[in-house]
Amino acid sequence: MAFTMRAVKVPPNSASLEEARHRVFDFFKQACRSIPTIMEIYNLEDVVTPAQLRSSIAQQIRRNQEVTNPKVIDMLLFKGMEELNNIVEHAKQRHHVIGQYVIGEQGLVKDTASKDQGGSEFLKKFYTSNYF
């Protein structure tokens, strides 16, 4: 199995916002091209589709869409490249990838219906307020 990325190189600083924007698109393309390798390495076929993983990557990039400083964008790109390299080089375990990119910030789907049956009022309040 050949790895597509060997080393994270530090690109020179972007001269303008347009150049930084172009680099973000290049990084997104590179991340999308790595999805089949990531799916194979971490055996994610039973958990997520490539389209959902691509959507998760796009969501991670869109979280910083309000940033307009090219130096900050370059720093975020470097962190993203480092993260992608760690994932492709199998420096993370499967549950890390699933927790961060498949489940994401929404967390697991809350299923409190089975716990609410026959419980006291105190437990019902406890489950609704403290169930993660």
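Predicted model only: the values in this text are computed from it and were never measured. (Residues numbered from 1 in each chain as written. Predicted model: local features only at pLDDT ≥ 70, side-chain atom pairs only at ≥ 80, totals over all residues. Heavy atoms only, no water.)

J.: Give a description of the pattern of salt bridges that names residues and reports values.
T.: Oppositely charged side chains can pair when the atoms bearing their charge come close. The tally for this structure, following the rule as stated, stands at 4 salt bridges. Residue E18 pairs with R21 through a salt bridge whose shortest N-O separation is 3.7 Å. Taken together, the residues E18 and R21, both in helix α1 (residues 17-42) and 3 residues apart, mark about one turn of the helix. Among the residues examined, E18 registers a relative accessible area of 52% and is labelled exposed. Salt-bridge contacts for D46 lead to R94; the nearest nitrogen and oxygen are separated by 3.0 Å. (Salt bridge = Lys/Arg side-chain N within 4 Å of Asp/Glu carboxyl O. Helix = DSSP H or I, 4+ residues; strand = E, 2+ residues; numbered from the N terminus. Buried < 20%, exposed > 50% of the residue type's maximum accessible area, 1.4 Å probe, protein only.)

J.: Residue-level account of the packing of α1 against helix α2 (residues 50-62), with values.
T.: Running from amino to carboxyl end, α1 crosses α2 at an angle of 145°, the nearest separation of the two axes being 10 Å. Crossing of α1 over α2 shows right-handed handedness. Along its contact with α1, which presents V24, F27, F28, A31, C32, I35, I38 and M39, the element α2 presents P50, L53, R54, I57, A58 and I61. Residues that form the contact of α1 with α2 fall into these classes: 13 nonpolar, no polar and 1 charged. (Axes fitted to C-alpha atoms, helices over the stretch in contact; angles between N-to-C directions. Left-handed = near helix turned anticlockwise from the far one by under 90°. Contact = heavy atoms within 4.5 Å. Nonpolar A, V, L, I, M, F, W, Y, C, P; charged D, E, K, R; others polar.)

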